[in-house]
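The primary structure of each chain is shown beneath.
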Amino acid sequence: MVCWALRRAAQVRVHLARKASGVCRGPEHQASGARPAAPEPATRGALGALGGTVELLGKSYPQDGYSNLSRKVLSRVGRNLHNRPHHPLWLIKERVKQHFYAQYVGRSGTPLFSVYDDLSPVVTTWQNFDSLLVPADHPSRKKGDSYYLNATHMLRAHTSAHQWDLLRTGLDAFLVVGDVYRRDQIDAQHHPVFHQLEAVRLFSRHQLFAGVKDGENLQLFEQSSRSAHKQETHTLEATKLVEFDLKQTLTRLMTHLFGDGLDIRWVDCYFPFTHPSFEMEINFHGEWLEILGCGVMEQRLVNSAGAEDQIGWAFGLGLERLAMVLYDIPDIRLFWSEDERFLKQFCVQDINQKVKFQPLSKYPAVINDISFWLPRENYTENDFYDLVRTIGGDLVEKVDLIDKFEHPKCFFLKKHHPSAGFKQPH
């Protein structure tokens, strides 16, 4: 049964490959304009093969049982859309930078926040998880959720992976921007590669309580019990002031991006590296949208990085989510388009200029149903999504599980591709 299932999976893969090359390749080249697609990075050995190696960004990594990178994802590494002038993600990044440079100035008149937007996306598992206090049994550590080069190195799942290292150098206010990688479902809102902007700010006792009445008598730290409102090592006064500064900072940023009169609400949530933690939602065109996550940094993280006498906040936001809302971009895969009709829409003289995306294609959708056998063990749905992306690329708009049947000796799945399984590209 296992051998038959493997043969059947191979037949499905060949069928998908033929359909992608035979139906889609011509229109894709016709619509993509004169600009060629970016080349794939150099790789050595079969991806995921034990004993093989993969070369990425000038370094070589031995592969082992953890290796799960696909060539489709590897082809995105090094593209750095957030640094490509007049790309919509670049516009968002520059608008945020402009705001922070103008609003937060140090004593010498220079920007308070430093910006790091070219850090390597390859990090250690310690940087991505352990430095951020992510528990050993957290779901994000699973191979089905993250992209691993091997057991010790991976593609960062969030820009927070650089927090500890930057704090260790003595920085107390910085922005980090970069591409992040997560194995995810296929639809218009999700992509295995997207871009985040991270911000961190620390305060000394003098900085936090400056201007506060009787501030000289207030303290940052105490030994008490953890509650929903504060950490065990923080005083309530310090926590509330940090929380106030964080929310005020983010409210100003969103007002800068969206304009005055914006309705904002805060939702309590959980992150391993902040407490208390919040999600910010904005009311945009009558709909509440989650924009970012934030919170008071866990003091254990701050202490381990050598800043024991400071307390701080951090937030992280997705550039794609902001750009999709601000520019009315309906599909996250459009950010990877090389079509000049898409890119030219964002060539503006003023980065704050309003832009409304104009659709490029009105071709009808194509729907495909695929049924196949799957093994009981060592399989996640994200394995199938990676296969679809490798064969069909960004032409596949959405994959849904529409039916499931389990036999005593086998497991049956039926996948459905609604809304343009292999449609004309944007």
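Keep in mind that what you see is a predicted model, and the values were worked out from it rather than measured.

**A look at the pairing of strand S11 (residues 311-318)**
Next up, step 1: S11 sits mainly inside the fold: seven of its eight residues count as buried.
Next up, step 2: Examined bridge by bridge, strand S7 (residues 193-203) and S11 share eight bridges and lie antiparallel to one another. Residue pairing for S11: Leu 197 is matched across the bridge by Leu 317.
Next up, step 3: Across five bridges, strand S10 (residues 287-297) lies against S11 in antiparallel orientation.

**Describing the confidence of the model for the protein chain**
Next up, step 1: Counting all residues, the mean pLDDT for the protein chain is 83, and 81% of those residues have values of 70 or more.
Next up, step 2: Every residue in residues 1-46 is under pLDDT 50, and counting partners more than four places away or in other chains gives 58 contacts.
Next up, step 3: Contacts from residues 411-426, a stretch scored under 50 in pLDDT, to residues over four places away or in other chains number 93 contacts.

**Concerning helix H3 (residues 88-103)**
Next up, step 1: Its 16 residues give H3 an end-to-end C-alpha distance of 23 Å, which sits within 8% of 22 Å, the value for a rise of 1.5 Å per residue.
Next up, step 2: With 12 of its 16 residues buried, H3 lies for the most part within the structure.
Next up, step 3: Turning to H3, its buried residues are Pro 88, Leu 89, Trp 90, Leu 91, Ile 92, Lys 93, Glu 94, Arg 95, Val 96, Lys 97, His 99 and Phe 100.

**Structural notes on unusual backbone geometry**
Next up, step 1: In this model, His 275 is joined to Pro 276 through a cis peptide bond whose omega is -5°.
Next up, step 2: Here Pro 276 is to be found in strand S9 (residues 274-284).
Next up, step 3: The phi dihedral of Asp 214 is positive, around 60°, even though this residue is not glycine.
Next up, step 4: According to the relative accessible area criterion, Asp 214 is partly exposed, its value standing at 44%.

**Describing the packing of helix H7 (residues 236-258) against helix H9 (residues 319-327)**
Next up, step 1: The interhelical angle for the contact between H7 and H9, taken along N-to-C directions, is 40°, at an axis separation of 11 Å. If you check the angle between H7 and H9, you find them oblique. When H7 is examined against H9, the residues Met 254, Leu 257 and Phe 258 are found in contact with a partner set consisting of Leu 322, Val 325 and Leu 326.

**Looking at the side chain of Arg 156**
Next up, step 1: One can find Arg 156 in the loop between strand S5 (153-155) and helix H5 (163-168).
Next up, step 2: For Arg 156, a relative accessible area of 1% translates into the label buried.
Next up, step 3: Excluding its chain neighbours within four sequence positions, the residues that come into contact with Arg 156 are Leu 119, Ser 120, Pro 121, Val 123, Asn 128, Ala 161, His 162, Gly 178, Asp 179, Val 180 and Tyr 181.

**Regarding the pattern of salt bridges**
Next up, step 1: As enumerated under the stated definition, the model contains 16 salt bridges in all.
Next up, step 2: Where Glu 232 meets Arg 226, a salt bridge forms, and the shortest distance between an N and an O atom there is 2.8 Å.
Next up, step 3: A salt bridge links Arg 226 to Glu 298; its shortest N-O distance comes to 2.9 Å. One end of the pair, Arg 226, is in the loop between helix H6 (205-209) and H7; the other, Glu 298, is in the loop between S10 and helix H8 (299-304), with 72 residues separating them in the sequence.
Next up, step 4: Using a relative accessible area of 39% as the deciding quantity, one classes Arg 226 as partly exposed.
Next up, step 5: A cluster of three or more residues bridged by salt bridges with shared partners is formed by Lys 93, Glu 94, Lys 97 and Asp 117.

**Some remarks on the environment of His 153**
Next up, step 1: The topology assignment puts His 153 in strand S5.
Next up, step 2: Classification of His 153 as partly exposed rests on a relative accessible area of 24%.
Next up, step 3: Here the alpha-carbon distance between His 153 and Val 122, two residues 31 residues apart in the chain, equals 6.8 Å.
Next up, step 4: If we skip the residues at most four places from it in the chain, His 153 touches Tyr 61, Val 122, Val 123, Thr 124, Thr 125 and Tyr 148.
Next up, step 5: Separated by 2.9 Å, the side chains of His 153 and Thr 152 make a polar contact.

Definitions and limits used
One numbering rule holds for all chains: residues counted from 1, following each sequence as written. Per-residue local features of the predicted model are confined to residues with pLDDT of at least 70, and side-chain atom pairs are confined, for both listing and counting, to 80 or more; whole-chain, interface and lining totals are unaffected and use all residues. Each side-chain value is derived from all of the structure's non-hydrogen atoms; neither hydrogens nor water enter the calculation. Exposure is judged per residue with a 1.4 Å probe applied to protein chains only, and the accessible area is read against the type maximum: over 50% gives exposed, under 20% gives buried, and values in between give partly exposed. Every helix listed is a DSSP run of H or I at least four residues long, and every strand listed is a run of E at least two residues long, numbered separately from the N terminus. When DSSP finds at least two bridges between two strands, those strands are taken to pair. Scored from 0 to 100, pLDDT reflects the predictor's confidence in each residue. Residues count as neighbours in contact if any of their non-hydrogen atoms are within 4.5 Å of one another. Here a helix's expected span is defined as the number of its residues, less one, multiplied by 1.5 Å. Comment: axis = line fitted to C-alpha atoms, over the contacting stretch for helices; angle = value between 0 and 180 degrees taken between N-to-C directions. Angles are sorted into four bins: roughly parallel if under 35 degrees, roughly antiparallel if over 145, roughly perpendicular if 65 to 115, and oblique for all others. Note on definitions: salt bridges are taken to be side-chain nitrogens of Lys or Arg within 4 Å of carboxyl oxygens of Asp or Glu. Nitrogen and oxygen atoms within 3.5 Å of one another constitute a polar contact, given that in protein one can donate a hydrogen and the other can accept it, and given that sequence-neighbouring residues count only through two side-chain atoms.

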